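# Breakdown of the fold
Okay, here's what each chain looks like letter by letter:
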6 protein chains.
Amino acid sequence: MGGRVVQNIERADTDVVRRLGEAGVATVHEAQGRTGLMASTMRPIQQDLGIAGSAVTISAPPGDNWMIHVAIEQLQEGDVMVLGPTAPCDMGYFGDLLATSAMARGCRALVIDAGVRDTRDLRAMGFAVWSTAISAQGTVKETVGSVNVPIVCAGALVNPGDVIVADDDGVCVIPRTRAEAVMATVQKRLDAEGAKRERLASGELGLDIYEMRERLAGKGLTYE
Amino acid sequence: MGGRVVQNIERADTDVVRRLGEAGVATVHEAQGRTGLMASTMRPIQQDLGIAGSAVTISAPPGDNWMIHVAIEQLQEGDVMVLGPTAPCDMGYFGDLLATSAMARGCRALVIDAGVRDTRDLRAMGFAVWSTAISAQGTVKETVGSVNVPIVCAGALVNPGDVIVADDDGVCVIPRTRAEAVMATVQKRLDAEGAKRERLASGELGLDIYEMRERLAGKGLTYE
Amino acid sequence: MGGRVVQNIERADTDVVRRLGEAGVATVHEAQGRTGLMASTMRPIQQDLGIAGSAVTISAPPGDNWMIHVAIEQLQEGDVMVLGPTAPCDMGYFGDLLATSAMARGCRALVIDAGVRDTRDLRAMGFAVWSTAISAQGTVKETVGSVNVPIVCAGALVNPGDVIVADDDGVCVIPRTRAEAVMATVQKRLDAEGAKRERLASGELGLDIYEMRERLAGKGLTYE
Amino acid sequence: MGGRVVQNIERADTDVVRRLGEAGVATVHEAQGRTGLMASTMRPIQQDLGIAGSAVTISAPPGDNWMIHVAIEQLQEGDVMVLGPTAPCDMGYFGDLLATSAMARGCRALVIDAGVRDTRDLRAMGFAVWSTAISAQGTVKETVGSVNVPIVCAGALVNPGDVIVADDDGVCVIPRTRAEAVMATVQKRLDAEGAKRERLASGELGLDIYEMRERLAGKGLTYE
Amino acid sequence: MGGRVVQNIERADTDVVRRLGEAGVATVHEAQGRTGLMASTMRPIQQDLGIAGSAVTISAPPGDNWMIHVAIEQLQEGDVMVLGPTAPCDMGYFGDLLATSAMARGCRALVIDAGVRDTRDLRAMGFAVWSTAISAQGTVKETVGSVNVPIVCAGALVNPGDVIVADDDGVCVIPRTRAEAVMATVQKRLDAEGAKRERLASGELGLDIYEMRERLAGKGLTYE
Amino acid sequence: MGGRVVQNIERADTDVVRRLGEAGVATVHEAQGRTGLMASTMRPIQQDLGIAGSAVTISAPPGDNWMIHVAIEQLQEGDVMVLGPTAPCDMGYFGDLLATSAMARGCRALVIDAGVRDTRDLRAMGFAVWSTAISAQGTVKETVGSVNVPIVCAGALVNPGDVIVADDDGVCVIPRTRAEAVMATVQKRLDAEGAKRERLASGELGLDIYEMRERLAGKGLTYE
């Protein structure tokens, strides 16, 4: 029962990817109808960093990191490796040696629904990681999985080439074919937010800006 | 089934609030008989920061942040918003726009038994947050709740105007009417601690300072 | 039913301890056959710090920190206190006063399967801590336990004098009598890693360095 | 810093209590505006049993069950003991001996945000329990707490004399003074449900009974 | 941003579905290469029951059960409703009224990565449920989602018409197009197991039946 | 780096084992000074069953159940297999085939800090299990571990031949060499409990039986 490696995947436009990354997870997630967010157990090992890139997906058995070596050969500049184990696992699939190799291929980050190790080194190297665990526990290389097939990672479906946006708030997946449309919606939100932020900063109330008072009274809110 | 907004609440003396904040959560909690501590799932999004303020309480439905807009109008300089959802929820009720608005009204911090988002921005803005989750998942504005009513937040009862002390160790609630008395006890502990710290730093043992040896032997402790 | 304090314990060679610490948890754990790792719930309160030392063990009742005072008298330069409660407990056993006392005796760190408090102060003092909780909740001094007896801490057996290595990846226990042998294996791994890191950094693939291609094909991996 | 025992508390009408119990947690919680529900970590140790009674509240230190003895003297026929520890604790506060004593005083059930033990015996005795843990770990009797004061239990505020309704879905608290009004609302829901159940059982759709089709289309739902 | 309802989905052969159900989750999961298993947080509300059916999928917002009404119209005899919320949620989406309606349409079970309520009634009605929570907390009907689109449920990808096998060990998803092939593999395993069970029951050892002794010795296992 | 199998282990007196089992976990744990209790995450897959036996210990890699086959050869009538993985793992190590084999060798139960599967079959066969997870996820047979060496299981140290007592309250380990002494203490507790239960059942209060009133008043408890 062998695995598969899909070698030629399509990726989203690099400019769209960059702009989605600048907008950040909360805005992008909102803009695409509140879908694609990974579980909040997916946490960064570094602080105050946001990235975006194209997903190279990895389906790996629990406790077996062999397919990461296979995936690294498929990486292009600006890619993000996304690993979903075929069963829950918090072992440390990834450390500084694999990061060295991935960075040499242009990889921007790892998103993994499992553990990583050498976290201090990874931060020092500037290799970004979002994971659901930190663990020194090593893995084996005994069973094949697949690369660039659809996977589930921390509750989100990821297809190869999808856009991954990740920051301190978590990780969001934007389907490749929708990336441009989502970015258009994102831009509208960003434009609107600027003006609102200014008014709120001056002390004006959301109650007035968003004209909420009447609707609140209609729902029965009373003041004492 | 409408909600209520109580508009004129009493607050504790600002000097007492400040001094409770300087003492920190561990000392204050100890001084008031080990009561009022929120669950240890309540964690700061920033590090090495301690605050204290008067509670403006928010009772909100799960996944609905409408009442935060209502609460912001009730804020005074030095207040801390405290939100307890009526059912467990880890969605992101609060982000940088609401923080902008709250800061414009003098709000010092948010304590929320739910999620927040835009955490990088919140740290950059200097708006302090303690929450039980970080999540980009947005909320709706459909159902009213109440402001400045008694709430339960992360296992602690909070009445409007109670003093909230929060730092890296967690969050503690001091009933408004007991604030001064608790601060008096806190001061005694602080005075006593200084002398003890010096003796301990010089290598003297707690076993001797606190005269524990006899009591330990009486309980059957033996040395080999 | 009194407790026991074992006063003269053997420790590993200080140079071996230092070198194990420099190698770090992931490497050491791997080198000793993937044993001795504490659960991944054991987390540091500081970032980017690694330590190693000899274990002074503490078996304490839940919610009772009396034995820490007893243990401090047994500390020598370079020791690490390791506390396992006799039942699960997340209360704050340890704060800045005890740290002051422990540091005065040469103690390097605390590893505790329970909570600590005053974490900001502990970081400021440079006292390293790995714990399974942070909580301001204080403990009592009513029941005796034991010092320097075998304990279980976060799932790992710790004998007094064992070597403790701790960093951002977690905490690993190396039996005292095996420390030198483990360090020899560690050294071999470190020597091998240097060369590999260089080849990987230059873009060479693990698939080629480790000669994996044939074995992967044998397991049925196919490329599309 | 002594505790308090409030001896004469008011209770709700026994018939109202009984009827609330028959309605069950889901219906009662819905009827009182979705408030008062304890966290879903509060689970029964028996299956397919529902009860209701008047709360005798216990505020107890973590790992100390002394106040249960004090509370038992305050019990009346039909009461439910509700214990909230002043800090999180999963130790076994309660077993078959205390249950024997409580049953002799007419107590109907225990609701405890902590652990219980002797669960097999408790089931055999017919003493109902909802708890957040099962643990054989015993507690001490060293520190006083309070009986019949307001407490927080599993996230819900409980005042002495409040009505407790508990079944397989969890535990709900109905403020004593609102019990009758809530029961009136409950009755309306029950009356309405009977008719609906019959229509649904016959195959009629909720889409039609609740006239949802137009509103769904208005929100943009499309059929393919 | 409206949702979609796909009305005509293909289902697997009913006889294959039935046989997969009889084989049970552990065997089926093993036979399809250890894929498709939902997280172990997915637990049954009843004991000692196994089922199988065709998935009618529901993508629903957190805390909003409106789409269950929409999905019920799409049910056929032998279907299993599978609901994945677009964000984590433990509220009670489903109770006895909806079960009455679903059963009237031939529905066999509900699999939901969220909460259910009225669990005692559901057991009494014989409606099978696997859920990740039990909670009396009700949901609203404000936002549309989709029915019979691909969803992620408890970490597993589910397409409409996929075969769902569920029992005390959890829930497994078998892609509709692979159902027959998986069943063939399952049958081979079942045939082989019968003979092995007999030999093991007679006291023969797995070490001998599976000829493990030599391989164990080769890996360095020693007897003392 | 091979594993070890220790073949001739000592066991406690069978009569003492039986009597410890009849006393149950809560009583035995209390009697041996509140030590040896496994974490409360260790739960039975059956209800209302208590057992006791001699530990055959298994140290196994995460996700690898090979050593269970090796351990079964070492089983004697009345033994309990106790498995602690060398890293946290919730995969299903054990199912009905292994249970068939273990029962044929006289094994009474399995205690495992990991997952099991085929739980319905195991209950039907009358093979008792305490585990920290239920999962259909299978394991591999690639790496050797050890049998009858000291292990840590769910936080408790277990030496081969130790007495295991398990029931609905959890699992407790009694060191083999202390079994008889612990049983003597247990017997005293049981004798004392009988009389107390009778007095409590007649309505007499613990406050009076244990003469607590004076001590409570001395600690400051007041009645209102």
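Shown above is the structure to which this text applies.
Residues numbered from 1 in each chain as written. Chains lettered and ligands numbered in written order. Predicted model: local features only at pLDDT ≥ 70, side-chain atom pairs only at ≥ 80, totals over all residues. Heavy atoms only, no water.

### Observations regarding the overall build of chain A
The cut-off we apply is this: A run of H or I in DSSP counts as a helix once it spans at least four residues, and a run of E counts as a strand once it spans at least two, with each numbered from the N terminus. Throughout, exposure labels follow a simple rule: accessible area from a 1.4 Å probe, protein chains only, divided by the maximum for the residue type, with under 20% read as buried, over 50% as exposed, and the rest as partly exposed. We call two residues contacting when some pair of their heavy atoms lies within 4.5 Å. Note on areas: these come from Shrake-Rupley sampling with a 1.4 Å probe, and a residue is covered only by the protein chains present in the view.
Counting its secondary structure elements, chain A contains 8 helices and 12 strands. Projected onto its principal axes, the C-alpha coordinates of chain A cover approximately 65 × 35 × 35 Å. Within the span of chain A, comprising 224 residues, buried residues form 62% of the whole. Counting contacts in chain A only where the partners sit at least 6 residues apart, residues at least 24 apart contribute 75% of the total. Taken as a whole, chain A presents about 7900 Å² of accessible surface, with 47% of it coming from carbon and sulfur.

### Quick word on the packing of helix 1 (residues 14–23) of chain B against helix 6 (residues 179–201) of chain B
Residues and elements named next belong to chain B. What counts is decided by this rule: Helix axes are fitted to C-alpha atoms over the stretch in contact, other axes to C-alpha atoms as well, and angles between N-to-C directions run from 0 to 180 degrees. Just so you know how the angles are binned, under 35 degrees is roughly parallel, over 145 roughly antiparallel, 65 to 115 roughly perpendicular, and the rest oblique. Helix crossings are classified by the rotation of the near helix relative to the far one: an anticlockwise turn of less than a right angle makes the crossing left-handed, while a clockwise turn makes it right-handed. Three categories are distinguished: nonpolar for Ala, Val, Leu, Ile, Met, Phe, Trp, Tyr, Cys and Pro, charged for Asp, Glu, Lys and Arg, and polar for the others, with Gly belonging to the last.
Look at helix 1 against helix 6: their axes get within 10 Å of each other, and the N-to-C directions meet at 40°. Here helix 6 runs oblique to helix 1, going by the angle between their axes. Both helix 1 and helix 6 take part in a crossing whose hand is left-handed. On helix 6, the residues touching V16, R19, L20 and A23 of helix 1 are A179, E180, V182, M183, V186, Q187 and L190. For the contact of helix 1 with helix 6, the class distribution of residues is 8 nonpolar, 1 polar and 2 charged.

### Examining the interface of chain E and chain F
For the record, the criterion: Buried area: the accessible area, evaluated with a 1.4 Å probe, that two parts lose upon being put together, summed over both parts. What makes a salt bridge here is a side-chain nitrogen of Lys or Arg within 4 Å of a carboxyl oxygen of Asp or Glu, nothing more.
Taken together, the contacts link 35 residues of chain E with 38 residues of chain F. For the pair chain E and chain F, the summed buried area comes to about 3200 Å², and 52% of that belongs to carbon and sulfur atoms. Looking only at chain E, the three residues that lose the most surface to chain F are E:R34, E:D169 and E:E224, adding up to 18% of its buried area. On inspection of chain E and its partner chain F, the count reaches 8 salt bridges.

### Comments concerning the arrangement of the chains
For the non-touching pair chain C and chain E, the nearest C-alpha separation works out to 13 Å. Contact between chain B and chain F is absent, and the least distance between their C-alpha atoms amounts to 13 Å.

### Observations regarding helix 1 (residues 14–23) of chain C
Residue and element names in this part refer to chain C. The criterion, for reference: Within this analysis, the arc is defined by the directions that extend from the helix axis to the C-beta atoms. In protein, a polar contact requires one atom able to donate a hydrogen and another able to accept it; more generally it is a pair of N or O atoms within 3.5 Å, and residues adjacent in sequence count only if both atoms are side-chain atoms.
Listed in full, the buried residues belonging to helix 1 are V16, V17, L20, G21 and A23. Buried residues of helix 1 fall within an arc of 160° about the axis and therefore sit on the same side. Projecting away from the buried face of helix 1 at angles above 90 degrees are the exposed residues T14 and E22. Packing partners of the buried residues in helix 1 comprise helix 2 (25–31), strand 3 (51–60), strand 10 (163–167) and helix 6 (179–201). Sitting at the amino-terminal end of helix 1 is D13, which places a side-chain oxygen 3.0 Å from the backbone nitrogen of D15. Looking one or two residues past helix 1, G24 carries a phi angle of roughly 90°, positive in sign.

### Digging into unusual backbone geometry
A positive phi angle is found at C:N148, which is not glycine, with a value near 65°. Residue C:N148 is classed as buried on the basis of its relative accessible area of 3%. One non-glycine residue, D:E211, lies in the positive phi region at around 50°. Take D:E211: its relative accessible area is 69%, and that puts it in the exposed class.

### A closer look at the relation of the copies chain E and chain F
Defined as follows: The atoms used to superpose the copies are C-alpha atoms, taken from residues with pLDDT of at least 70 in both, and the fit is least squares.
Between chain E and chain F, the superposition needs a rotation of 120° and an axial shift of 0.0 Å, giving an RMSD of 0.0 Å. Viewed as a symmetry operation, the transformation between the two copies matches a three-fold axis. Nearest to the rotation axis, the C-alpha of E:Q47 is located 6.5 Å from it, this being the minimum over chain E.

### Points about the interface of chain C and chain A
Opposite the 35 residues of chain C that make contact, chain A presents 38 residues. Between chain C and chain A, roughly 3200 Å² of surface is buried when both sides are summed, and carbon and sulfur atoms account for 52% of that area. The largest per-residue losses of area from chain C upon contact with chain A belong to C:R34, C:D169 and C:E224, which jointly make up 18% of the total buried on that side. One can count 8 salt bridges joining chain C with chain A. Looking at the side of chain C that touches chain A, the elements that each hand over two or more residues are helix 2, helix 6, helix 7 (206–209), helix 8 (213–218) and strand 12 (222–223) of chain C.

### Some points on the pairing of strand 4 (residues 79–85) of chain A
Moving residue by residue along a regular strand, the side chains alternate between the two faces of the sheet. Residues and elements named next belong to chain A. Threshold: Only when DSSP finds a minimum of two bridges between them are two strands counted as paired. The handedness of a crossover follows from its direction of travel: if, with the strands pointing away from the viewer, the path from the first strand over the helix to the second runs clockwise, the crossover is right-handed.
Here strand 4 lies mainly inside the structure; 7 of its 7 residues are buried. Going residue by residue along strand 4, you find D79, M81, L83 and P85 tucked away on one face and V80, V82 and G84 tucked away on the opposite face as well. In terms of strand pairing, strand 3 (residues 51–60) meets strand 4 through 7 bridges, oriented parallel. Bridge pairing in strand 4 links V56 to M81. Handedness of the crossover joining strand 3 and strand 4 through helix 3 (residues 66–72): right-handed.

### Looking at the environment of A:V28
Residue and element names in this part refer to chain A. When you line up the elements, V28 lands in helix 2 (residues 25–31). Put simply, V28 and A217 are 189 residues apart on the chain and 32 Å apart in space, counted from C-alpha to C-alpha. Contacts of V28, omitting those with residues within four sequence positions, involve L20, A23, C172, I174, V182 and V186.

### Considering the side chain of C:R117
Summarising the element assignment, C:R117 is placed in the loop between strand 5 (109–116) and helix 5 (119–125). From its side chain, C:R117 meets the backbone oxygen of C:A136 in a polar contact 2.7 Å long. Look past the residues within four positions of C:R117 in its chain and what remains in contact with it is B:A26, B:E30, B:D169, C:G92, C:F94, C:G95, C:L122, C:S135, C:A136, C:Q137 and C:G138.

### Observations concerning the pairing of strand 4 (residues 79–85) of chain E
All names here are of chain E. In terms of strand pairing, strand 4 meets strand 5 (residues 109–116) through 4 bridges, oriented parallel. Bridge pairing in strand 5 links L83 to I112. Between the parallel pair strand 4 and strand 5, the chain is carried across by helix 4 (residues 96–104), and the sense of this crossover is right-handed.

### Description of the environment of C:L20
Residues and elements named next belong to chain C. With respect to the secondary-structure elements, L20 resides in helix 1. Judged by its relative accessible area of 0%, L20 falls in the buried class. Residues L20 and E180, 160 residues apart in the sequence, show an inter-C-alpha distance of 9.2 Å. Residues in contact with L20, not counting those within four places in the same chain, are V28, V163, V165, A179, V182, M183 and V186.

### Re the packing of helix 6 (residues 179–201) of chain A against helix 4 (residues 96–104) of chain B
In the contact formed by helix 6 of chain A and helix 4 of chain B, the axes pass within 8 Å of each other and the chain directions differ by 20°. With respect to helix 4 of chain B, the axis of helix 6 of chain A lies roughly parallel. In the crossing of helix 6 of chain A with helix 4 of chain B, the sense of the turn from one axis to the other is right-handed. Contact with helix 6 of chain A, carried on its side by A:E193, A:R197, A:L200 and A:A201, involves B:D96, B:L97, B:T100, B:S101 and B:A104 of helix 4 of chain B and no other residues of that element. Looking at the contact of helix 6 of chain A with helix 4 of chain B residue by residue, the classes come out as 4 nonpolar, 2 polar and 3 charged.

### Side note on the state of the cysteines
Put simply, the rule reads: Disulfides are defined as cysteine sulfur pairs within 2.5 Å.
Summed over all chains, the structure comprises 0 disulfides over all chains. B:C89 takes part in no disulfide bond, and the closest cysteine sulfur to it belongs to E:C89, at a distance of 7.3 Å. The cysteine F:C153 is free of any disulfide, with F:C172 supplying the nearest cysteine sulfur at 12 Å.

### Some words on the pattern of salt bridges
For the structure on display, the rule yields 96 salt bridges over all chains. Across the salt bridge formed by A:R11 and A:D79, the nearest N and O atoms sit 2.7 Å from each other. Placement of A:R11 in the loop between strand 1 (4–5) and helix 1 (14–23) and of A:D79 in strand 4 is noted, with a sequence separation of 68 residues between them. Judged by its relative accessible area of 1%, A:D79 falls in the buried class. In this structure, the salt-bridge partner of C:R197 is A:D96, at a minimum N-O distance of 2.5 Å. Placement of C:R197 in helix 6 and of A:D96 in helix 4 (residues 96–104) is noted, with the two residues assigned to different chains. Residue classification places A:D96 among the buried positions, given a relative accessible area of 10%.

### Comments concerning helix 6 of chain C
Quick note on the threshold: To estimate how far a helix should extend, the number of its residues minus one is multiplied by 1.5 Å.
Between its first and last C-alpha, helix 6 of chain C extends 32 Å over 23 residues, near the 33 Å set by a 1.5 Å rise per residue. Restricting attention to buried positions, one finds in helix 6 of chain C the residues C:A179, C:V182, C:M183, C:V186, C:E193 and C:L200. Next to the buried residues of helix 6 of chain C lie helix 4 of chain A together with helix 1, helix 2, strand 10, strand 11 (170–174) and helix 7 of chain C. Of the residues trailing helix 6 of chain C, C:G203 is marked for its positive phi of about 105°.

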